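Each chain, letter by letter, is given below.
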Amino acid sequence: MQSWIRSGGIRSSKTFCTGVALMVATLFSWSPPLAGTLNSTTAKATSVNENSITVSSISQTSQPRWIEIDLSEQRLRGWEGKKLVHSYRISGGKRSTPTPIGRFRINSKYRTHRMRGRGYNIPDVPYTMYFYGGYAIHGAYWHNRFGTPVSHGCVNLPVKQARNLYNWASTGTLVVVHK
């Protein structure tokens, strides 16, 4: 291998090792946003299937606050461990633009944020908390159809309830989305 490195196949073993280390770290640190067994450092799931997840199936180990989004009920619940502290009707994604299912974390928060996509451009979306790519939990001032899937994949809440959740949750809060 050393002769291959010296011959120009790879300029130095340090560069090669760094590249391999980065590749391995990337492979083992990535987790897909799919429903399934939850990471033991954040939560443990003992009875998860594609259609439901129950409070008794999650035991918190490192973060007591977490958000459950039940798309079949169009309901968001905020939990502190196993204690329910928030329960709100939502509007999740339409069949053509579904809300992603899985285990996520709130990765950024904005008091207001402009949201743009195919077929919409909404300024000043209040209390926006992104949890996966362009998908967020946020207030919706432009409709009052909570309990019905009408969004482009985000989780819409009435503005007052979105404010309460925004003030309660922090960046890094676990978000579990299921049917």
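Residues numbered from 1 in each chain as written. Predicted model: local features only at pLDDT ≥ 70, side-chain atom pairs only at ≥ 80, totals over all residues. Heavy atoms only, no water.

A tally of regular secondary structure across the protein gives three helices and 11 strands. Considering the protein as a whole, with its 179 residues, one finds that 39% of them fall into the buried category. Considering only intrachain contacts with a sequence separation of at least 6, the fraction spanning at least 24 residues in the protein is 54%. Accessible surface, the protein as shown: approximately 10,300 Å² in total, 52% of it carbon and sulfur. (Helix = DSSP H or I, 4+ residues; strand = E, 2+ residues; numbered from the N terminus. Buried < 20%, exposed > 50% of the residue type's maximum accessible area, 1.4 Å probe, protein only. Contact = heavy atoms within 4.5 Å. Areas by Shrake-Rupley, 256 points an atom, 1.4 Å probe, with all protein chains shown as cover.)

Attention now goes to the side chain of H138. Relative to the helices and strands, H138 resides in strand β9 (residues 135–139). Its relative accessible area of 2% is what places H138 among the buried residues. In this structure the side chain of H138 is engaged in a polar contact, spanning 3.4 Å, whose partner is the side chain of N156. If sequence neighbours within four positions are ignored, H138 has contacts with M115, V125, P126, Y127, T128, C154, V155, N156, L157 and A162. (Polar contact = N/O pair within 3.5 Å; in protein donor to acceptor, adjacent residues only side chain to side chain.)

A word on the UniProt feature "active site" (unreviewed entry) in the protein. As annotated in UniProt, the feature "active site" (unreviewed entry) corresponds to H138 and C154 in the numbering used here. Their sequence span is 17 residues, while the largest C-alpha to C-alpha distance among them is just 7.6 Å; these annotated residues converge on one region. Ignoring any residue separated from it by four or fewer positions in sequence, one finds C154 in contact with S91, G92, G93, T99, M115, G134, Y135, A136 and H138. (UniProt positions renumbered as here; feature names shortened; annotations may be inferred.)

With that out of the way, let us pick up the packing of aromatic side chains. Under the definition given, this model contains seven aromatic pairs. Ring centres 5.1 Å apart and planes at 40° place the aromatic pair F104 and Y132 in the tilted group. Here Y132 lies in strand β8 (residues 120–132) and F104 lies in strand β6 (residues 102–105), a separation of 28 residues in the sequence. Relative to Y130, the ring of Y110 lies with its centre 6.0 Å away and its plane at 80°, an arrangement referred to as edge-to-face. Linking Y110 in strand β7 (residues 108–117) with Y130 in strand β8, this pair joins segments that are 20 residues apart in sequence. You can call Y130 buried: its relative accessible area is 9%. (Phe/Tyr/Trp six-rings, centres within 6.5 Å; stacked < 30°, edge-to-face > 60°.)

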